[in-house]
Amino acid sequence: MRAVTLVVLLLVVASGCLGGTPGSGTGPAESAATATPTTGSTATAAPVEGDDVTVTEVVDGDTIKVAYPNGTRETVRLLGVDTPEVYGENTPDEFEGIPETTAGAACLGRAGEDASAYAKDRLAGESVTLVFDEQSDRRGYYGRLLAYVYVDGESFNYALLREGHARVYDSTFTERERYEDMEVTARESRRGLWSCIEGDVTATASETTPLADGGEGPLAIDTIHADAEGNDNENLNDEYVVFRNAGEERLDLSGWTVTDDADHTYTVPEGTTLDPGATLTLRTGSGTDSDSTLYWGASGAIWNNDGDVVTVRDASGSTVVRRSY
C-alpha cells in the first residue's frame, strides 16, 4: 500500500512539473520573447495570454481605442514606446541624433504620420491581445491603459521599434533592455524616423538636387486643414494648407504646383516668393492673393476629410515635398 501511495505522489509531482500553473512564471518579457519572431522568420508565433479586445480606432502610432467583449471601451497607450506626434509639436531632442531644428521637427512630423499609417494598417478593426506588465502601472497619467499589444501573436510595440517608427519611452517596464537594443539597431540603420538624422533633413533652398517624396527640404507643410466648418463645399476658404519656408534663403515659387491624390492641380502664380521662416496659406476657395495667402479658385472641396496626399513640385516637375494624412 505504501508503494502504491509513493507511485501516486510521484505521478502528481511529475504532472505539476510538466504542466505548471497557467500563467505562472510567464511575464510579459517571456511572452514577448517567444511571440515576436525576428524579421524574416517563418516560425509560428506562440499564443499569448492576456485580455482579448477589438481595436475600434487607431488614434496615432502609439495610442488605440479598444472594445472588450462585454462592451467596455478603453483607450490604450502602447507600453514602452513613443512615436512622433501627429496632432502636436515634436521635440527633436527627445529622439537621439535628430537635428534640433525646424527641419528636424518637420521630419519627425512626417515620421509620426508614417507611424500612424503603419498602426492603422496593422491594427484597425483587428482582434488583439493586451498584456500588462507587473513592473509598470496599469494606467497612465491620463487614465489610459498601459499595455503591450499583440496582433497575430506578435508584439506590435516591438514591431514599431523594429521598423523605426518609435523610440523607447523613458519609463520602467520589463522589456526595456530588449527594446533599447532594437532601437539602437533601427537607429544605426537609419530606419523609419531615424532617417531624419540624415544630412538631407537640413537641406537649404540653394541646393538643386530634387528631394524624394516625403523628403524634407526648404519647403515644409505645416498644416493641412481638410475639414472645413460645416459643409466643406459651402465653406471652401476654411479648407486650406499652410506651407513654410524652412530654408535659409528666399524661395521663388513661380510655376510650382500643388496636387491632391486625385491629381487636382493648382499652379502658383508667377512672382510668388516666400522668405525664410515665412508661411503661405493656400485656400481652396476664391479671393484676392496676397503675400501670405493664395486662393485655388476651386468650385468644390479639394482635400478629402478621410485622408489625402499633398504633393508639391517645382517648375521643372521635380517633387519638393509630399505629405499624406
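Remember, it's a predicted structure, so these values are computed and weren't measured experimentally. (Residues numbered from 1 in each chain as written. Predicted model: local features only at pLDDT ≥ 70, side-chain atom pairs only at ≥ 80, totals over all residues. Heavy atoms only, no water.)

Novice: Please give an account of the sheet that holds strand β9 (residues 219–225) that cites residues and values.
Specialist: The mixed open sheet is built from four strands, whose spatial order is β9-β10-β15-β16. On the outer flanks of this sheet lie β9 and β16 (293–295), each paired with one strand and no other. Neighbour-to-neighbour, the strand axes of the sheet open up by a mean angle of 20 degrees, direction not taken into account. Pairing of strand β10 (residues 240–245) with strand β15 (residues 279–283), which is carried by five bridges, proceeds in the antiparallel orientation. When the sheet's bridge partners are listed, V241 is paired in β15 with L282. (Pairing = 2+ DSSP bridges. Helix = DSSP H or I, 4+ residues; strand = E, 2+ residues; numbered from the N terminus. Axes fitted to C-alpha atoms, helices over the stretch in contact; angles between N-to-C directions.)

Novice: Got a sec to walk through the sheet that holds strand β17 (residues 309–313)? Specific residues and values, please.
Specialist: Either a parallel or an antiparallel arrangement is found when strands of a sheet pair, and the pairing is made through backbone hydrogen bonds. Spatially, four strands are ordered β13-β12-β17-β18 in an open sheet, and the strand pairing comes out antiparallel. At either margin of the open sheet sits one strand with a lone partner, and together these are β13 (265–267) and β18 (319–324). Here the strands of the sheet are splayed against their neighbours by 15 degrees on average, with no regard to which way each runs. Where strand β12 (residues 257–259) and β13 come together, three bridges link them in antiparallel fashion. Within β13, the position partnered with T257 by the bridge is T267.

Novice: Now, about the packing of aromatic side chains: what can you tell me, with residues and values included?
Specialist: Using the criterion set out here, one finds eight aromatic pairs in the structure. Aromatic side chains Y148 and Y179 sit 6.3 Å apart centroid to centroid with 80 degrees between the ring planes, which places their arrangement in the edge-to-face category. Taken together, the residues Y148 in strand β6 (residues 145–151) and Y179 in helix α5 (residues 176–188) connect sequence positions 31 residues apart. Take Y148: its relative accessible area is 0%, and that puts it in the buried class. Every member of this aromatic cluster is reached through a ring pair, and the members are Y148, Y158, F173 and Y179. (Phe/Tyr/Trp six-rings, centres within 6.5 Å; stacked < 30°, edge-to-face > 60°. Buried < 20%, exposed > 50% of the residue type's maximum accessible area, 1.4 Å probe, protein only.)

Novice: Could you give me a rundown of the side chain of T63, with the residues and numbers involved?
Specialist: As for its position among the elements, T63 is in strand β2 (residues 63–67). By relative accessible area, which is 4% here, T63 ends up buried. Of note is the side chain of T63, whose polar atom sits 3.0 Å from the side chain of D62. When sequence neighbours within four positions are dropped, the list of residues in contact with T63 reads V58, T75, V76, R77, L78 and R144. (Polar contact = N/O pair within 3.5 Å; in protein donor to acceptor, adjacent residues only side chain to side chain. Contact = heavy atoms within 4.5 Å.)

Novice: Lay out the state of the cysteines in plain terms, naming residues and giving numbers.
Specialist: In a disulfide, the sulfur atoms of two cysteines are held together by a covalent bond. Counting across every chain of the model gives one disulfide. Covalent S-S linkage joins C107 and C196, the inter-sulfur distance amounting to 2.1 Å. Negative torsions about the S-S bond denote left-handed disulfides, and the value of about -90 degrees found for C107 with C196 makes this one left-handed. Here C107, found in helix α3 (residues 102–123), pairs with C196, found in the loop between α5 and β9; they are 89 residues apart in sequence, far enough to count as distant. On the basis of relative accessibility, which here comes to 1%, the residue C196 falls in the buried class. (Disulfide = S-S within 2.5 Å.)

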